[in-house]
Amino acid sequence: MLRLVFGALRRRRAQGLAVLVLTVLLCAVAAAGPLYTAAAGGRVAAADLAEAPAPQRLLSVHRSAPTGGDPATALDGFRREVEALLPGEHGAVLGLTQTLTADTGGFGRMVPVAYRDGACPSMRLAGDCPARAGEAAVSAHTANALGLRAGDELVLRSQPGAPKVSLRVTATYERQDPGGAWWADPLFGPGHIVAGEETLDPVFVPLETFAGDVLDGPTAVCTVPVTKALIDRLDVVSTTLREAGFDTEAPSGALLDRIAEDQAATADGVLAGWVEALTLCLLALGIVGRHTAQDRRPDLALLKLRGATRRRMLRLVLWQHLLPVAAALPAGLPLGWAVARLAAGAPAPADRLPAAAVAAGIAAGAGLVVLVLVEVPLLRTPVAGLLRRSAAPGRRWAGALVDVLLVALAGAALVQARSGTGNGVGLVAPVLAALAVAGLLARVVTALAGQAGRAALRTGRLPLAMAALQYHRRAGIDRIFALVAVAVALLGLAASGYAAAGRARAERTAAELGADRVFTVRAANQSVLLSAVRAADPGGRQAMAVALDRGAVPPVLAVDTARYAAVTGRPLSLPPALDSDPPAVDGDELTVRAVNDSGGPLRLTVQLVHATNGATVRVVLGPLDPGEHEATAPVDGCATAPGCRIVSLALAGPSDVDGAPGPAPAGAGLSVRALRQHARTVLDGGRLGDPRYWRSALSGPVIVIAPKAGALTLRVPRPAFDGDTAVPDARAFAVDTRLPVPALLAGQRPHAWNFGDALLSMFGASAVPLDLTRTGALLPVLGPAGVVLDLATLQRALPDLVNPGELQVWLAPGAPAGAIAGRLAAAGVELLGSETAREHERRLATHGPAFAALFRLLAAAAGLLLAAVASAVAVTVEQRVRAREVRAMRTQGLAARVAVGAGVGGQLALLGLATLGGLVTAVVVGAAVGEPIPVFVDGWRLTQPPPAFQPVALAAAGLLAVLVLGGVSAGVLLSWTRGVLREGAGR
């Protein structure tokens, strides 16, 4: 029997090779699915970990570790125990911490004393790194709170009256990377206040400091960066550590849920593409098997005439297909591994190889079953039917029944897909819908071909008539049409989905990042940043200063609107800051002339802010006795151009309280008539008496402000009732910008704004009124909810800016990033990080939906190749039958040109019409299915997402289909054409 099988394979090498190629592709696709899912899932988890906040990327293990006078041995023993329970994990940071109390002003403040690996390199020190026992580095905030500086002694106790430990301060520190992993462990984080009890920032000391009696009971801490491998076994590891007596702080459930959702999106998309490709593989094998079986009809008839039983012929057919299938399995498995490795950008875990081998084996077995099943009808055909050259009449009702079943399945799948159920039948809705639509189109095209052939025959157009009628009469032509149309449709859908996802990521990048390149920077305040950016880019077309307050409600983005359009390329419907400069103080002294109508002396406090460096300068003028007087005071910090602008004038009493001017008594009043510097008037009566330039505080009790008659009168109101001890805000704020501040609002308006003015507190300052313009578009960086306003306007509107917020510098495309960064550094702006739009898009492309879209595109391309091979095999078998017909017609005088035109034109018409039908099917199915897999799994949505139908991508898919289908069939058609012409020349 084997000799017969090998003889049959040698006689039909082309068909055997086609079965081998199709089965190799089938096994490769089957193996690539699970391998790609595992490899992409690992990359997705790594991307989610990298984007998570630093505290969620750490596993903190801690336990009490009495030192017994030898902290190094205690810490080393703790390390060995942890490493034994966390084998293979690297990058651990060890530390000790113990909280003591500092007694200041009669009340205690909690002060953590800490040692940690790599402390000094993680801090910006003003002084020397503590190197010996008893030396310490304290934060600038702690130093201010405790009144410490380098060289001072810090005395701490475990509790009042307990033994003390004295630490000598060698340096103050600022955190080098506040958002980095080193500072993310809460046991070493910044200070906080809980239930009225304040804990200051950690005080860092050398390890030897814990050898003393007071610091002999610290908590040992091991912070381990969480990796993908650790995430997979985090529950087991946490349980093991707790059973061993350790306390743990593990990543939050939100991060684990995000990773699970991202990996699920990957698996769902890969499953959909995998099923589509496997379906096309089996359909292509069925069509190839059917056509090769038709070519073996004489062989089967001969076997039957020689008395071969049906079982024996079935074994012969089985072995004839088993050999190429068996040879394809070892070739398809490594091909699938290589494709998954290249597409995912990472190798799949070794433990997934058995699953891939099983999938490839099952797919190969399914392919073998399909090949055998298409042979079964021929085995039951009598000898007369096998020897008939023309096709026997088919069972039309069977084909119609298959079409009806496909339409029903496609309808159910579409309902599930449109309902938002992204699993089960809904995932394969595109391929089922494509099969249904392509089957119906195939029937329509076949019927139209018959009508067109008869019409052409009546009008004498013989080549067209022959091509159309042969198309109409060819057995199985509708199956080839449907296969090619489905392959083209799935490629068009995958290409459109891939392109739409890319556009969505680009639009999200523009919304989240804001500009082509974004610097994250640190500056003393917003004024320093604004002036530094304007100095670094005097033309105003390459760089723009930005400040973010994500903690405000709603969050705030402040931009330099005068530069926004030039830097981002997008308009912003906000007016720029006022061009007029407010009155400036630029000398070394300031004089006031005022009338005191009170019974005692008063003082006037003038708050100034330098226009360039943002430094606050306070000038106290007076005391001013009752009556009209002048008072002069020195001004320190405003001599540097362009000087200082006036923020507020405040009425104060004659004495200080805690080093600051105390409040004026109730009923006291002061009329300010002029402010001048030497011979230059800074504020005259006209501006002081104009109510447009002055306002009181916007909340709480305030003083009475009366700008009129050439003077600004400040008066403290009397108590509204007996026992009213509220101290009013005594400041009159200078108005030198637009108020309310123009702002864009996206999202819901806060409830409180519906019943009063839109007052928003931001950057740690007092509330400022806003003049809101609603927008339905996504705001840059903030997305669907937030407020955008002008940074320069905000500088003048906020009277008491405390927190500069998150500072950024946005760069235009093509801006010299290196040169601008250098100029900013020279102006005192420190560069903390940089990200480009391309980098942001690549980061978004490392999540599940992007990997799913890529696999579907690759699977669709494999499906197109399968359809091309199947159509080429069908052409090969068909041309052998056609060759006899052409020879007969040539004998009757048919011109070779007509025969060639009919034969080649018919095949090209089939491929062209099927390609066009596939594109039509893609449009129909795309409109019906919608978005089977969301582009983003974190709930982020564009207000106007790109349509699923992408004309350019669909056209590219059609062009690729024409090239592949035409290229694969070209060899067969050229060979047949040369044969016809050679026979014609022989006549």
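Residues numbered from 1 in each chain as written. Predicted model: local features only at pLDDT ≥ 70, side-chain atom pairs only at ≥ 80, totals over all residues. Heavy atoms only, no water.

## Let's talk about the sheet that holds strand 14 (residues 543-549)
What counts here: At least two bridges found by DSSP between two strands is the condition for calling them paired. Every helix listed is a DSSP run of H or I at least four residues long, and every strand listed is a run of E at least two residues long, numbered separately from the N terminus. Residue contacts are counted whenever heavy atoms from the two residues lie within 4.5 Å of one another. Lines fitted to C-alpha atoms define the axes, with helix axes restricted to the stretch in contact, and inter-axis angles between N-to-C directions lie between 0 and 180 degrees.
Reading across from one edge, 31-32-30-33-15-14-34-13-35 is the order of the nine strands in this open sheet, with mixed pairing throughout. Of all the strands in the sheet, the pair left with one neighbour each is strand 31 (759-760) and strand 35 (830-836). Inspection of the sheet shows strand 14 paired to strand 34 (residues 806-811) by six bridges, in the antiparallel sense. Opposite M544, over in strand 34, you have W810 as the bridge partner. Packed onto the sheet, helix 18 (residues 561-568) meets strand 14, strand 15 (556-559), strand 33 (786-790) and strand 34 and runs at close to 110° relative to strand 14. Strand contacts of helix 21 (residues 817-826): strand 13 (517-522), strand 14, strand 34 and strand 35, with the helix running at about 15° to strand 13, the strand carrying the most contacts.

## A word on the pairing of strand 21 (residues 644-652)
We count it as follows: Three exposure classes are used, based on accessible area relative to the maximum for each residue type with a 1.4 Å probe and protein chains only: buried under 20%, partly exposed in between, and exposed over 50%.
Within strand 21, nine of the nine residues are buried, leaving the element largely enclosed by the surrounding structure. Looking at chain direction, strand 16 (residues 584-585) and strand 21 are connected through two bridges and run antiparallel. Residue pairing for strand 21: V585 is matched across the bridge by C644. Bridging between strand 18 (residues 602-610) and strand 21 involves eight bridges; their strand directions are antiparallel. Along strand 21, the bridge assignment pairs L604 with L651. Relative to strand 29 (residues 731-734), strand 21 runs antiparallel, the two sharing three bridges. Pairing of L649 across the sheet is with A732, part of strand 29.

## Considering unusual backbone geometry
Omega for the bond connecting V553 with P554 falls within 30 degrees of zero, at 0°, which places this linkage in the cis form. Structurally, P554 can be placed in the loop between strand 14 and strand 15. Each neighbour pair has its own omega, and for L739 with P740 the value is -5°, a cis peptide bond. If you trace the backbone, P740 turns up in the loop between strand 29 and strand 30 (741-746). A positive phi angle, near 55°, is found at A709, a position not held by glycine. Within the secondary structure layout, A709 lies in the loop between strand 27 (704-708) and strand 28 (711-715). With a phi angle near 70°, V781 is a residue other than glycine that sits in the positive phi range. Residue position: V781 is located in the loop between strand 32 (768-774) and strand 33. According to the relative accessible area criterion, V781 is buried, its value standing at 12%.

## Details of a nonpolar patch on the surface
Threshold: Each patch is built from residues that are more than 30% exposed by relative accessible area and take part in no salt bridge. Like charges join if they lie within 9 Å; nonpolar side chains (Val, Leu, Ile, Met, Phe, Trp, Tyr) join within 5 Å. Accessibility throughout is a Shrake-Rupley quantity obtained with a 1.4 Å probe, and a residue counts as covered only by protein chains that appear here. Put simply, a salt bridge is a Lys or Arg side-chain nitrogen that is within 4 Å of an Asp or Glu carboxyl oxygen.
A cluster of nonpolar residues, L314, V369, L373 and V376, forms a patch on the protein surface that exposes about 310 Å² of accessible area. Among the structural elements, V369 can be located in helix 10 (residues 353-373).

## A few points about the environment of F210
When you line up the elements, F210 lands in the loop between strand 10 (203-204) and strand 11 (219-225). Residues F210 and T67 lie 143 residues apart in sequence; the distance between their C-alpha atoms is 7.2 Å. For F210, the contacting residues outside a window of four places in its chain are T67, P71, L96, T97, Q98, V113, A114, Y115, V205, L215, D216 and P218.

## Some details on the packing of helix 14 (residues 429-458) against helix 16 (residues 477-513)
In plain terms, the rule: By the definition adopted for this analysis, an angle is roughly parallel if under 35 degrees, roughly antiparallel if over 145, roughly perpendicular if from 65 to 115, and oblique otherwise. Crossing handedness: left-handed means the near helix sits turned counterclockwise from the far one by under a right angle, and right-handed means the same turn made clockwise. Residue polarity follows a fixed list, in which Ala, Val, Leu, Ile, Met, Phe, Trp, Tyr, Cys and Pro are nonpolar, Asp, Glu, Lys and Arg are charged, and the others, Gly among them, are polar.
Where helix 14 meets helix 16, the axes come as close as 8 Å, and the angle between the chain directions of the two elements is 135°. As far as their axial angle goes, helix 16 and helix 14 are oblique. Between helix 14 and helix 16 lies a crossing whose hand is right-handed. Along the contact surface, helix 14 presents P430, V431, A434, L435, A438, G439, L441, A442, V445 and T446, while helix 16 presents I477, D478, F481, A482, A485, V486, A489, L490 and L493. Classifying every residue of the contact of helix 14 with helix 16 gives 16 nonpolar, two polar and one charged.

## So, the nonpolar core
Spelled out, the test is: As used in this record, nonpolar core signifies buried Ala, Val, Leu, Ile, Met, Phe, Trp, Tyr and Cys residues forming a set joined through side-chain atoms within 4.5 Å.
Ranked by size, the top nonpolar core spans 87 residues in total, and within it Y36 and F481 carry the most contacts. For Y36, the residues in contact, after removing those within four places along its chain, are G41, V270, A340, A343, A344, F851, L854 and F855. Among the nonpolar cores identified, the runner-up in size contains 46 residues, and L49, A52, V214 and L230 belong to it.

## Here's the deal with the packing of aromatic side chains
Here is the rule we go by: Only Phe, Tyr and Trp rings are paired, with Trp represented by its six-membered ring, and only when their centres lie within 6.5 Å; those with planes under 30 degrees apart are stacked, over 60 edge-to-face, the remainder tilted. We call a charge positioned above a ring when the Lys NZ or Arg CZ atom is no farther than 6 Å from the ring centre and deviates by at most 35 degrees from the ring normal.
Taken as a whole, this structure holds nine aromatic pairs when the rule is applied. Look at W183 and F204: their rings are 5.8 Å apart centre to centre, the planes differ by 85°, and that puts the pair in the edge-to-face class. Taken together, the residues span a long stretch of sequence, with W183 in the loop between strand 7 (164-175) and strand 8 (192-194) and F204 in strand 10 at a distance of 21 residues. Classification of W183 by relative accessible area gives buried; the value is 5%. Taken together, Y173, W182, W183 and F204 form an aromatic cluster joined through their ring pairs. Seen from the ring of W182, R116 lies directly overhead, with NZ or CZ sitting 4.9 Å from the centre. Directly above the aromatic system of W183 lies the positively charged group of R175, at a separation of 6.0 Å from the ring centroid.

Any functional reading would require information that these geometric values do not contain.
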